[in-house]
Amino acid sequence: MIEPIGNQYVVARPVYSANAFEEEHKKIQRHHKTFLDHLKLCCSCSAQKAKRIALSLFPIASWLPAYRLKEWLLSDIVSGISTGLVAVLQGLAFALLVTIPPRYGLYAAFFPVLTYFFLGTSKHISVGPFPVLSMMVGAVVTRLAPDPDPSLGSVAENDTLLLEERKLMVAVSVTVLSGIIQLALGILQVGFVVIYLSESLISGFTTAAAIHVLVSQLKFMLQLTVPAHTDPFSIFKVLESVFTQIEKTNIADLVTSLVILVVVFVVKEINQRYKAKLPVPIPIELIMTVIATGVSYGFNFETRFNVSVIGDMKRGFEAPVTPDAQIFGNIIGDCFGVAIVGFAVAFSVASVYSLKYDYPIDGNQELIALGVSNIFAGAFRGFAGSTALSRSGVQESTGGKTQIAGILSAVIVLIVIVAIGFLLEPLQKSVLAALALGNLKGMLMQFAEIGRLWRKDKYDCLIWVMTFIFAVVLGLGLGLAASVAFQLLTIVFRTQFPKCSTLANVGRSNIYKNKKDYSEMYEPEGVKIFRCPSPIYFANIGFFKQKLTDAVGFSPLRILRKRNKAVKKLRKLQKQGLLQLTPKGFICTDDGFKDSDEELDNNQIEELDQPINTADLPFQIDWNADLPLNIAVPKVSLHSLILDFSAVSFLDVSSMRGLKTILQEFVRINVDVYIVGADDDLIDKLARCQFFDAEVKDSMFFLTIHDAVLHIVMKKDYSTSKLSSSQEKDIKFDFTINTNGGLRNRDCSVPIETKF
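Residues numbered from 1 in each chain as written. Predicted model: local features only at pLDDT ≥ 70, side-chain atom pairs only at ≥ 80, totals over all residues. Heavy atoms only, no water.

Within the protein, the regular secondary structure consists of 30 helices and 13 strands. For the protein, buried positions account for 47% of its 756 residues. Roughly 38,000 Å² of accessible area belongs to the protein as shown, and the carbon and sulfur atoms make up 60% of that amount. (Helix = DSSP H or I, 4+ residues; strand = E, 2+ residues; numbered from the N terminus. Buried < 20%, exposed > 50% of the residue type's maximum accessible area, 1.4 Å probe, protein only. Areas by Shrake-Rupley, 256 points an atom, 1.4 Å probe, with all protein chains shown as cover.)

Structure (structure tokens):
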């Protein structure tokens, strides 16, 4: 019963142990589905289920019939044109990261949009080239199809064409295999795999990728011949190659790229600062591309300054190709990384827009959509894509409502491919490199995350820093694997070394907090309340035992062994007649008795860990009194131990064995143990694993800490009041000895009353 009194409440209910609560409140018997039940449900078939599957596989069937033509079409047209122009330039620029001719970047910007239009669940992301993925694909291309050593002299034109074909084939193979992996993960419904990539990890990884992109574009901005490096520490080798050739820099390319970079950064900052006032962002990439192309063509930069230009832009599409399956074994690890990173980035951006505009997205369907898109793009000579944050931002900020804007952006790319692509032939590659770096501003600004994470969570900050270091030093592929492993290691570390605490009562109420955090705390005498805020498993059971020992102030196993040794000595004294019974008690007639601790330890160590047996002795021992013959046994004032398991989500078999040993040790030295807040499933698991016996009983479980404390108080009050004063006089003995020390009947010693 709950009675509210102003801003307080009074609760009147019995003190509940777990068993008492179950007796009074019967549980509903529920049927928990087994794996076979789930399998039957998955394999069942009905018209309604078939329709649901069809709609989930083709989301366009859900949103296209509900398209508001008059309200949304104009916004989607404006958004599609703006996004298409950005996609053209980013496709050309990011193709340089893959180390293939820029024209194939247009294919990567066109084909994925077509399939995502039918299969994707997000209405706002723009699918296509993404610099991080392009860099990851480019690393594989560089490893399997390296450029010839410039020290060997010039390369024949035929060899150059063959090398381009080889690079394209590697990029296609990586893209197709990555798409197959994404498709398989989607079909197997394992879209949850993205949860293992935290925000801190993704932020650190993309920042490191931006550094790789920056370094890789230096050779285009300076027009230097830099040999390919793909092994760990490759970024430093590339920098070494750049700085050793710095005197060969093409000044025209350097000046052009610096001017482009400055203008792009300034205008992007204006777009960001005044985005609320601007009807659409200023398309600075398009403007600078048109100007740079015109200047390069008008002043004949290629001939006068020997700059590197895009060159031949074939009209139309080239024939599709079949990936080289023979290299799948060499690239499967890289492809798995490309698949996971591409999905993680696309899903995180899609989640932002789905929350903003309140519509659902399906992670598994996104995997299928991205997988099919990459397979389709790879077959038509494109390379792996996801979504570029800047391009998706343009599609959303210019008023895009649905993927109609995406399909219109593909139309713009199509026009460039089949009609006007030749106009971009005089464009310098250094301009594309500068535009690629201009799109890294957001990722490079993520360095500010370090300070924010340090203030909020040191572990997340460490994950960010280590991910960045791993990805920069080891490369993107190995760096991602090492980062995920390190992140999982931090989770293990947090649970392996939890912040255990000792609780006490606050304000004489039912509230229990860490006794170190408050000044006015009440801790019942002889009672210790210990809290473990994490699962208990094989890796932290030792730490749990150590922290519990520190909290109670003694080792129960050591006390148990000391007491068993003392019992053995007292039993020997009695058998040898050195302890004699008199009307006034016992008299020890010899104080020269000695025994060897080493002998006991070596011969009967296992017996010392067993329960204390004093049934054959004519007296009981008060372990908190002085014992004869200077027998040293540490005194224990603790009579009750409460373990707060409200935050313990699971126990494994190894930890159960260790926990049971700990509980038995306390029980054997007459310390009552209570476990509170344990989940019902946890108790059921303990019962199934035969955890309980004559010493460790299931009656130790209580609903709350306060229930256990009140139970202890009532139990001690009852044991104090069950003997009258006359009964105490009749059965009380006075054991006297001729040395310092004493024995008393423990049953007749009055425990200290605990008032609450």
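Looking now at the side chain of Gln395. Summarising the element assignment, Gln395 is placed in helix H16 (residues 389–397). A distance of 3.4 Å separates a polar atom in the side chain of Gln395 from the backbone oxygen of His124. Setting aside anything within four residues of it in sequence, one finds Gln395 in contact with Ser79, Thr83, Lys123, His124, Ile125, Ser126, Gly400, Thr402, Gln403, Ala405 and Gly406. (Polar contact = N/O pair within 3.5 Å; in protein donor to acceptor, adjacent residues only side chain to side chain. Contact = heavy atoms within 4.5 Å.)

Turning our attention to the packing of aromatic side chains. Throughout the structure, instances matching the rule amount to 32 aromatic pairs. On the basis of an interplanar angle of 90° and a centroid distance of 5.3 Å, the ring pair of Phe497 and Phe543 is categorised as edge-to-face. Here Phe497, found in the loop between helix H22 (476–496) and strand S5 (501–506), pairs with Phe543, found in helix H23 (residues 541–552); they are 46 residues apart in sequence, far enough to count as distant. For Phe497, a relative accessible area of 36% puts it in the partly exposed group. Judged by its relative accessible area of 21%, Phe543 is partly exposed. An aromatic cluster is built from Tyr104, Tyr107, Phe110, Phe111, Phe317, Phe376 and Phe380, whose rings are joined through pairwise contacts. Above the ring of Tyr359, the side-chain terminus of Lys123 is found at 5.0 Å from the ring centroid. One Lys or Arg, Lys458, reaches over the ring of Trp454 and ends 4.9 Å from the middle of that ring. (Phe/Tyr/Trp six-rings, centres within 6.5 Å; stacked < 30°, edge-to-face > 60°. Lys NZ or Arg CZ within 6 Å of the ring centre and 35° of its normal.)

Our focus in this paragraph is the side chain of Ser173. Examined against the element boundaries, Ser173 turns out to sit in helix H8 (residues 157–187). Classification of Ser173 by relative accessible area gives buried; the value is 0%. If near-sequence neighbours (up to four positions away) are discounted, Ser173 is found in contact with Pro323, Asp324, Ile327, Phe328 and Ile331.

Once that is clear, we can look at a negative patch on the surface. On the surface, a cluster of negative charge is made up of Glu22, Glu23, Asp679, Asp681, Asp684 and Asp698. Mapped onto the negative patch, the elements with two or more residues apiece are helix H1 (18–24) and helix H28 (680–688). (Patch = residues over 30% accessible without salt bridge, like charges linked within 9 Å, V, L, I, M, F, W, Y side chains within 5 Å. Salt bridge = Lys/Arg side-chain N within 4 Å of Asp/Glu carboxyl O. Lys, Arg positive; Asp, Glu negative; His and termini not counted. Charge placed at Lys NZ, Arg CZ, Asp CG, Glu CD.)

Let us look at unusual backbone geometry. The residue Gln223 is not glycine, and still its phi comes out positive at about 55°. By the element assignment, Gln223 lies in the loop between helix H9 (199–222) and helix H10 (234–244). For Gln223, a relative accessible area of 25% gives the class partly exposed. Phi angles above zero are rare outside glycine, and Gln690 is one such case at about 55°. Counting through the fold element by element, Gln690 comes out in the loop between H28 and strand S13 (701–702).

Let us now look at the state of the cysteines. Considering all chains together, one arrives at zero disulfides under this definition. No disulfide involves Cys500; its nearest neighbouring cysteine sulfur is the one of Cys532, lying 4.2 Å away. (Disulfide = S-S within 2.5 Å.)

Another point: the packing of helix H7 (residues 131–144) against H9. Look at H7 against H9: their axes get within 9 Å of each other, and the N-to-C directions meet at 65°. When the axes of H7 and H9 are compared, the crossing they make is left-handed. Of H9, the residues touching H7 (which contributes Pro131, Val132, Met135 and Met136) are Phe205, Thr206, Ala209, His212, Val213 and Ser216. Here the residues of the contact of H7 with H9 sort into seven nonpolar, three polar and no charged. (Axes fitted to C-alpha atoms, helices over the stretch in contact; angles between N-to-C directions. Left-handed = near helix turned anticlockwise from the far one by under 90°. Nonpolar A, V, L, I, M, F, W, Y, C, P; charged D, E, K, R; others polar.)

To continue, consider the pattern of salt bridges. Under the defined criterion, the tally for this structure stands at 21 salt bridges. Here Arg68 ties to Glu71 by a salt bridge, and the two come within 3.6 Å at their closest N and O atoms. Looking at Arg68, the relative accessible area reads 46%, which means it is partly exposed. Accessibility expressed as a relative area gives 52% for Glu71, which makes it exposed. A salt bridge links Arg561 to Asp609, with the shortest nitrogen-to-oxygen separation between them at 2.6 Å. Of this pair, Arg561 sits in helix H24 (residues 556–575) while Asp609 sits in the loop between helix H26 (605–608) and strand S11 (640–644), and the two are 48 residues apart along the sequence.

Right, let's talk about the environment of Glu665 for a bit. When you line up the elements, Glu665 lands in helix H27 (residues 653–668). For Glu665, a relative accessible area of 6% corresponds to the buried category. Once you skip the residues sitting within four places of it in the chain, Glu665 turns out to touch Lys545, Pro556 and Leu557.

Moving on, we get to empty space enclosed by the protein. Tallied over the entire structure, the rule returns two cavities of 30 Å³ or more. In this structure, the largest cavity occupies an estimated 60 Å³ of space. Around the largest cavity, the lining residues are Arg103, Leu106, Tyr107, Met313, Lys314, Val416, Ile417 and Gly421. Among the elements of the structure, helix H6 (103–119) and helix H17 (404–420) are those that each provide at least two residues to the lining of the largest cavity. The dominant element in the lining of the largest cavity, judged by the number of residues it contributes, is H6, at three residues. Counted as a void, the second largest cavity has a volume near 50 Å³. Taken together, Leu197, Leu201, Ile202, Phe205, Thr206, Val341, Ala344, Val345 and Leu480 make up the lining of the second largest cavity. Elements represented by at least two residues in the lining of the second largest cavity include exactly H9 and helix H14 (328–357). (1 Å grid on protein atoms, 1.4 Å probe; cavity = no way out; pocket = protein on both sides within 12 Å on 5 of 7 lines; lining within 4 Å. Points joined across faces, edges and corners; volume = space filled by probe spheres on them.)

With that settled, the discussion passes to a nonpolar patch on the surface. Taken together, the side chains of Val262, Val266, Ile270, Tyr274, Ile282, Ile287, Ile291, Val295 and Phe299 present a nonpolar region at the surface, about 740 Å² in accessible area. For the nonpolar patch, the secondary structure elements donating two or more residues are helix H11 (251–273) and helix H12 (284–298). Mapped onto the fold, Val262 is located in helix H11.

Turning next to H16. Listing the buried residues of H16 in full gives Arg391, Ser392, Val394, Gln395 and Glu396. Lining the buried residues of H16 we find helix H5 (69–98), strand S3 (127–128), H14, strand S4 (386–387) and H17. Directly after H16, the chain includes Gly399, whose backbone phi takes a positive value near 105°.

Let us now look at the pairing of strand S12 (residues 672–676). Of all five residues in S12, four are buried, a share of seventy percent or more. As a crossover connection, the stretch from S11 through H27 into S12 is right-handed. The pairing of S12 with S13 spans two bridges and is classified as parallel. Counterpart to Ile675 in the pairing with S13 is Phe701. Taken together, S12, H28 and S13 constitute a β-α-β crossover, and its handedness is right-handed. (Right-handed = clockwise from strand over helix to strand, strands pointing away. Pairing = 2+ DSSP bridges.)

Positionally, Val338 belongs in helix H14. What makes Val338 buried here is its relative accessible area of 2%. Along the backbone, Val338 and Met136 are 202 residues apart, and their C-alpha atoms lie at a distance of 6.8 Å.

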